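Residues per chain, in single letters:
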Amino acid sequence: MLLPSLALTLLLAVPAPPSITLDPAKARADAALLRRALETIHPGLHRYRGKAETQAAFARLEAAASRPITDLALWREVSLLLAGIHCDHTKVELPEAMEAWRRAQPSHLPLRFKLIEGRMIVVSNDGQPGAPLPGAELVTINGLRVPQVLITLGRTVAYDGRTDQAIAAKLGSDGDLMGDDFNEAWPAFHGFPSRWELDWKRPGALHTSHVSLEPVSFTQWTALPWPGSPYRDEFYKAILWRLDGKVATLRIGTFVNYRNPVDADAFLGAFFQVLKARAVQHLILDLRESGGGSDDVAVALGRYLLPEPFTWLKPALLKAVRYGDLPQHIESWGNRQEIFEPPLDGFHRTRDGAWERLPRPDEAARQPQQPSPDRFTGRLTVLTGPMNASGTTMILAHLKEKGGARLAGEESAGSAEGPTAGRIFLLTLPHSGLRIRIPIAWNRTNVEHFLAGRGVPVDETVLPTLLDFEAGRDRVTEVAKASTPPAVPSLASALAGNWRGTLDYRDFGSDRRVVLPTLLTVTGEGNEARLAFTFDDGPGKTVRASQVLRIRADGGGLESEEETSTERMRILERRGGPDARELTLVADGAGHENGAPVEVRTVLTRRGDVLSLSRLTRRPGEPFLLRHVYRLTPRP
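Residues numbered from 1 in each chain as written. Predicted model: local features only at pLDDT ≥ 70, side-chain atom pairs only at ≥ 80, totals over all residues. Heavy atoms only, no water.

Draft legend 1. Representation of the pattern of salt bridges within the structure. The final tally for this structure, using the stated rule, is 54 salt bridges. Note that Arg619 and Glu622 form a salt bridge whose closest N and O atoms lie 3.0 Å from each other. Here the salt bridges share partners, and the residues they tie into one network are Asp88, Lys91, Glu93, Glu96, Glu99, Arg103, Lys170, Asp176, Arg435 and Arg437. (Salt bridge = Lys/Arg side-chain N within 4 Å of Asp/Glu carboxyl O.)

Draft legend 2. Quick look at empty space enclosed by the protein. Applying the stated criterion to the full structure yields four cavities of 30 Å³ or more. If you add up the space inside the largest cavity, you get close to 120 Å³. Taken together, 16 residues make up the lining of the largest cavity; nearest its centre are Lys91, Thr156, Val157, Ala158 and Leu177. Of all the secondary structure elements, the ones that give two or more residues to the lining of the largest cavity are α4 (71-83), β3 (91-93) and α8 (181-190). Counting residues per element, the lining of the largest cavity draws most heavily on α4, at four residues. When the residues that make up the lining of the largest cavity are grouped by side-chain class, the tally is seven nonpolar, three polar and six charged. There is about 100 Å³ of room inside the second largest cavity. What lines the second largest cavity is a set of 14 residues, among which Gly118, Glu137, Val146, Pro147 and Arg513 lie closest to the centre. Secondary structure elements with two or more residues in the lining of the second largest cavity: β5 (119-125), β6 (137-141), α6 (146-154) and β31 (625-634). (1 Å grid on protein atoms, 1.4 Å probe; cavity = no way out; pocket = protein on both sides within 12 Å on 5 of 7 lines; lining within 4 Å. Points joined across faces, edges and corners; volume = space filled by probe spheres on them. Helix = DSSP H or I, 4+ residues; strand = E, 2+ residues; numbered from the N terminus. Nonpolar A, V, L, I, M, F, W, Y, C, P; charged D, E, K, R; others polar.)

Draft legend 3. Main features of the environment of Leu326. Of note, Leu326 is situated in the loop between β13 (317-318) and β14 (330-331). Here the alpha-carbon distance between Leu326 and Arg36, two residues 290 residues apart in the chain, equals 8.6 Å. In this view, Leu326 contacts Leu33, Arg36, Ala37, Thr40 and Ile41; residues no more than four positions away in its chain are not counted. (Contact = heavy atoms within 4.5 Å.)

Draft legend 4. Fine view of the nonpolar core. Counting residues in hydrophobic clusters, the biggest one holds 82 residues, and the most contacted among them are Met120, Phe182 and Ile436. Those residues in contact with Ile436 that lie beyond four places of it in its chain are Leu34, Val78, Leu82, Lys91, Val92, Phe425, Leu426, Leu427 and Leu429. In terms of nonpolar packing, the next biggest core, distinct from the first, is built from 40 residues, Ala248, Leu275, Leu287 and Leu380 among them. (Core = buried A, V, L, I, M, F, W, Y, C linked by side-chain atoms within 4.5 Å. Buried < 20%, exposed > 50% of the residue type's maximum accessible area, 1.4 Å probe, protein only.)

Draft legend 5. Molecular detail of the sheet that holds strand β11 (residues 247-252). Here six strands make up an open sheet; going across it, the order is β10-β11-β12-β17-β18-β21 and the pairing mixed. The open sheet is flanked by β10 (239-244) and β21 (460-461), the only strands paired with a single partner. The pairing of strand β12 (residues 282-286) with strand β17 (residues 379-384) spans five bridges and is classified as parallel. Its bridge partner lying in β17, Leu283 is registered against Leu380. Strands in contact with helix α13 (residues 390-402) are β12, β17 and β18 (406-409); relative to β17, the strand with the most contacts, it is inclined by about 145°. (Pairing = 2+ DSSP bridges. Axes fitted to C-alpha atoms, helices over the stretch in contact; angles between N-to-C directions.)

Draft legend 6. Local environment of the sheet that holds strand β29 (residues 596-607). One closed barrel accounts for ten strands, arranged β22-β23-β24-β25-β26-β27-β28-β29-β30-β31; its pairing is antiparallel. Put simply, the sheet's adjacent strands are angled 25° from each other on average, direction ignored. In this sheet, strand β26 (residues 557-562) lies alongside strand β25 (residues 542-551) in antiparallel orientation, the contact comprising four bridges. Residue pairing in the sheet places Leu549 in a bridge with Ser560 of β26.

Draft legend 7. Inspection of unusual backbone geometry at higher detail. In this structure, Ala279 is a non-glycine residue whose phi angle is positive, near 55°. Relative to the elements of secondary structure, Ala279 occurs in the loop between α10 (264-277) and β12. Its relative accessible area of 44% is what places Ala279 among the partly exposed residues. Its identity is not glycine, yet Ser390 carries a phi of approximately 50°, on the positive side. Judged by its relative accessible area of 11%, Ser390 falls in the buried class.

Draft legend 8. Up close: the side chain of Gln165. When you line up the elements, Gln165 lands in the loop between α6 and α7 (166-172). Excluding residues that lie within four positions of it along the chain, Gln165 makes contacts with Pro386, Glu411, Ser412, Ala413, Arg454 and Arg618.

Draft legend 9. Region of the structure containing the environment of Val600. Looking at where Val600 falls in the secondary structure, it is placed in strand β29. Classification of Val600 as buried rests on a relative accessible area of 1%. Remark: the alpha-carbon pair of Val600 and Ala587, spanning 13 residues in sequence, is separated by 8.3 Å.

Draft legend 10. Layout of the packing of helix α11 (residues 295-305) against α13. Direction vectors running N to C along α11 and α13 enclose 20°, while the axes themselves pass 10 Å from each other. Taken as axis vectors, α11 and α13 run roughly parallel relative to one another. The two elements α11 and α13 cross, and the hand of that crossing is right-handed. Every residue of α13 that contacts α11 at Ala298, Leu301, Gly302 and Leu305 is listed here: Gly391, Ile395 and Leu399. (Parallel < 35°, antiparallel > 145°, perpendicular 65-115°, else oblique. Left-handed = near helix turned anticlockwise from the far one by under 90°.)

Draft legend 11. Geometry of the pairing of strand β8 (residues 196-201). As paired strands, β6 and β8 are joined by four bridges and run antiparallel to one another. Residue pairing across strands places Leu138 opposite Trp200, the latter belonging to β8.

Draft legend 12. Examining the packing of aromatic side chains more closely. Applying the stated criterion across every chain, the model contains 18 aromatic pairs. Where Phe218 meets Tyr231, the ring centres are 5.0 Å apart and the plane angle is 90°; that geometry is what we call edge-to-face. Taken together, the residues Phe218 in helix α9 (residues 218-222) and Tyr231 in the loop between α9 and β10 connect sequence positions 13 residues apart. Accessibility expressed as a relative area gives 1% for Phe218, which makes it buried. Look at Phe271 and Phe272: their rings are 5.1 Å apart centre to centre, the planes differ by 80°, and that puts the pair in the edge-to-face class. Note on Phe271: relative accessible area 4%, which makes it buried. Phe272 gets classed as buried once you look at its relative accessible area, which sits at 1%. Taken together, Phe113, Phe182, Trp186 and Trp196 form an aromatic cluster joined through their ring pairs. (Phe/Tyr/Trp six-rings, centres within 6.5 Å; stacked < 30°, edge-to-face > 60°.)

From the geometry alone we can't say anything about function, so treat these as descriptive.
Next up, the structure:
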């Protein structure tokens, strides 16, 4: 432990963040420039939000800029406005001096986390004494209860259309900005922390523990262990493949191929030549960590995986090809003359006033592509999830529509129809130094089947559970590899018996966590289970409750009866495992919480001698959050 005098010396030695306060005239000027740039350039400004809502969002920003405001507070207001556009390529970066300070000076949380079953679960830490170990759950952060923290910071997360499942994923990991959206947004709402005061608990534990940890710099944060793709990974080093008899697995963590580019076609060619030589019958393509990147990687994958000639993109649509005086505030890569004054004969003007870019002979993405002679002709399973976006989601749409691929995991984020992306303009606001990423084109995927505003749905839903995380299991890969799915036990056979453990719930009014010792007896037959609970609610206070869970005869729905009410939910996943009693059951439905409509999710898992039954809820534009969970083991 540091002596108080030494701790004070170290604290004073840390330079203060280079924040500035803008007077109203400068703040309004920055807000006006941002509005003019978005209205001039952005082809998707009104794609997912009506003009009236957009005008109201601009008015809120202008009101915030009408009084003295710090650059961090302005970042907060701008990020809220941009998130409402629902474009994953439209984001605000910190001023360069602030970003440089955060790289070297401590302000980040000294651990990595994932949101699993609506809980903030620690994945790794930096080894400080008392730090919560992997698998622990964070309950409060600097005196704030985690659900409200996640809801607040989640409002700044950029995602495409209606793919708000991306919020939970990006709060924990995001290859853009400062590593994850939690650490990116925290200072703008709560300031830079001198310490991280954490209350945490082990799942199923009766009591929480407290620890006070030192922040780490962004550079230190990027070195923390993480099971997925590292921060700002690159295509040439984000590939892992293996052969297991006639089954091959290819994992691509990112399509980014512009920092240290390689020939994507040749780079992938050696792998596909091996598949052909070995007569591999089943390829599992794991794209769960890829948020997109370069078109050349996606096109190369298409040449090796699609059976017929294809064209990657339809002609792109631009809102403008002349930008007035805006280029003096904009950076981008390439020849500025070609960027800001392209020849008008390279475009066709549409009836609604958009500029349709005509394909050039040197643009592979807009020219017909021939399948490779080494293309894979066997069974293709693609693993997907909410980290997918941009070009990754676009190739998923191609593979599903034209390649007969079977998709497993979770529905992707991104836009199957195609995102607003292409070249990205970096607009610098002169007074605050905030830098805004503005895409200039709507890149339209050359597919015919899609759900507007959505990613690509899966054929086989496999949702991550906390018990799987604790066991180090990757059930998505297990499901993809299984030649025959394991038998699914009936509800009664998986749950029957006497159990003891805890009920851990989030108070409706305060979000305070309450944990009660709990006994459970389960009886029933087939796919109907009768649950009888006994709760120890304090000295001399015993509470009893009952519930009936029933799977419909067609297997597609779950019914839950409590007292006089019945809740009906759609089953997303119902799956067995290696143990005859193993069961994973996930169902979604609609409900109300504090008088407001919410989406409800039930996650029931039996793994060996552990039974977990959790209920999650969320409102639109928010991540799923835990409402309550039973964690139980058999009673002798």
